[in-house]
Amino acid sequence: FNSQHLWVLWSNGDSWREMRRFALTNLRDFGMGKKACEDKIIEECQHLIEVFKNFKGKPFDTMQPTNYAVSNIICSMVYGSRFEYSDPEFTSMVDRTNRNVLLSGSLSLQLYNMFPRIFKWVARRKEFVEMAVANQKQNFALFRRLKETLNPEMCRGFVDAFLVRKQNLEASGNKNSHFHNENLLMTVTNLFSAGTETTSTTLRWGLLLMAKYPKIQDRVQEELRRVIGDRQVQVSDRKSLQFTDAVIHETQRLASIVPTALPHRTSRDITFQGSFIKKGTTVYPLLTSVLHDPSEWEKPHSFHPAHFLDKDGKFVKRDAFLPFSAGRRICLGESLARMELFIFFTTLLQHFRFTPAPGVREDDLDLTPRGGITLSPMPHLLCAVPQM
Ligand code: HEM
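Parameters at a glance
- Residues numbered from 1 in each chain as written.
- Predicted model: local features only at pLDDT ≥ 70, side-chain atom pairs only at ≥ 80, totals over all residues.
- Helix = DSSP H or I, 4+ residues; strand = E, 2+ residues; numbered from the N terminus.
- Rg over C-alpha atoms; globule rule 2.2 N^0.38 Å.
- Buried ≥ 20, exposed ≤ 12 C-beta atoms within 10 Å, placed from the backbone.
- Contact = placed C-beta atoms within 7 Å.
- Near = placed C-beta within 6 Å.
- Nonpolar A, V, L, I, M, F, W, Y, C, P; charged D, E, K, R; others polar.
- Core = buried A, V, L, I, M, F, W, Y, C linked by C-beta atoms within 7 Å.
- pLDDT = per-residue confidence, 0-100.
- Axes fitted to C-alpha atoms, helices over the stretch in contact; angles between N-to-C directions.
- Left-handed = near helix turned anticlockwise from the far one by under 90°.

## With respect to the overall build of the chain
- The helix and strand tally for the chain stands at 12 helices and eight strands.
- A globule of 388 residues ought to have a C-alpha radius of gyration of about 21 Å, and the chain, at 21 Å, matches this closely.
- Along the longest, intermediate and shortest principal axes, the C-alpha atoms of the chain span 60 × 55 × 40 Å.
- Counting all 388 residues of the chain, 35% fall into the buried class.
- For the chain, the share of sequence-separated contacts (at least 6 apart) that also reach a separation of at least 24 residues comes to 74%.

## Here we look at the site of the ligand
- Neighbouring the ligand are 27 residues; Ala194, Gly195, Ser325, Cys331 and Gly333 lie closest to it.
- Mapped onto the shell around the ligand, the elements with two or more residues apiece are helix 8 (181–212) and helix 12 (334–351).
- Of all the elements, helix 8 adds the most residues to the shell around the ligand, at seven residues.
- Taken together, the residues of the shell around the ligand break down into 18 nonpolar, seven polar and two charged.

## Some details on unusual backbone geometry
- Positive phi values are uncommon outside glycine, yet serine 256 reaches one of about 40°.
- Serine 256 gets classed as buried once you count the C-beta atoms within 10 Å, which come to 21.
- A positive phi angle, near 45°, is found at alanine 261, a position not held by glycine.
- Here alanine 261 lies in the loop between helix 10 (242–255) and strand 1 (264–265).
- Of the residues examined, alanine 261 has 21 C-beta atoms within 10 Å and is grouped as buried.

## Some words on the nonpolar core
- Val78, Phe158, Leu207, Phe344 and Phe345 are the most contacted members of the largest nonpolar core, which totals 71 residues.
- Considering each element in turn, this core owes the most residues, 12 residues, to helix 8.
- For phenylalanine 158, the contacting residues outside a window of four places in its chain are Ala23, Asn26, Leu27, Phe30, Met77 and Val78.

## Some points on the confidence of the model for the chain
- Overall, the predicted model of the chain reaches an average pLDDT of 92, with 97% of residues at or above 70.
- Per-residue pLDDT stays below 50 along residues 1–9; that stretch engages in 18 contacts with residues further than four places along the chain or on separate chains.

## Section: the packing of helix 2 (residues 35–54) against helix 12
- As a packed pair, helix 2 and helix 12 sit with axes 10 Å apart at the nearest point and diverge in direction by 40°. Here helix 2 runs over helix 12; the crossing is right-handed. Touching Cys37, Glu38, Ile41, Ile42, Cys45 and Ile49 of helix 2 are Leu336, Met339, Glu340, Ile343, Phe344, Thr347 and His351, all from helix 12.
- When the residues that make up the contact of helix 2 with helix 12 are grouped by side-chain class, the tally is nine nonpolar, two polar and two charged.

If you want it as structure tokens, here you go:
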């Protein structure tokens, strides 16, 4: 882990372009946005339901099981298989990633990220780096195992496809390609962390909001019973579940989990809306300013699914709905995240009624976000009372 900055994402220029294109093509080949992926999510839902059921309606923290279930979707595309929730190799990697997302929002690490020379010795940086190094080691071990069993005719996931491309380029004498070990590690790490914490956090906001607003939960469950009944929800049901779809969109809007998107640097001098910005300036696109813009949303700071419904109760798209950002660096996993949120949320709501822990009133459920590079709910317990 030798980079000066903590948030090492794909750099700009050719390396980013090539890695992004390769990741997109391959994730699509391994099912992103397609039926194969839908089936994986549905299968994973069953594992998550079992875990929730084991709590027998008693209060529990939804964080770990939700993280593991969501992570398994990107893992099956990247490594070629899902992991058991009891596998310490997997759970430690997910837990460390989650911890680092939280740490990266701490003031000391934010300062370090802006002024790396001055704030080099902050204690949390040490913890962050230790966890990143541990995940790195685990990834190298996984890559080694995949390499040993690699069959170029049958790639199991993104790592296989990357290794095959790397071998082919090397065999043809190309020594300067972007397909080297460091880019493999960075790309896999980015897909793993971006593909786990974001979606899981959004899903947990959704469950918390259902427990806090039981009347809205009633309407979601009524719609699910009326339109779907006991069968498994499919992606194609989205257009028939207009209220539920509005609730999912409103969850993403209100939670605004990536408030500042990711930092970018201007590649040339530019004048934007009358302000001059010098080449090389770090720019944070404030997504929250759009998602909570009072001139766009009738009730910007409330949970108000009607933001996405017309007067006849039909779902309406809104231009100011930008949780995945926009432009060339728009979230690469948007279609995957949307599919996961829809299937996980609806399937869980079919199976369980979500309520606060006994003795806690709905009003007491706190919606103040916990700051990190993403905004997650404060630690809390919910009851998942079986419905089916
Ligand atoms: C609800 C879930 C998610 C949200 C809200 C979200 C949001 C975002 C945002 C705001 C960015 C920054 C865009 C910018 O730089 O302007 C981003 C980047 C990215 N996201 Fe997501 N994301 C989600 C899920 C996922 C998933 C499931 C994946 C897995 C494939 C993923 C992969 C990425 C990658 C690789 C980038 C960097 C793209 C680049 O720099 O070219 N995200 N995401």
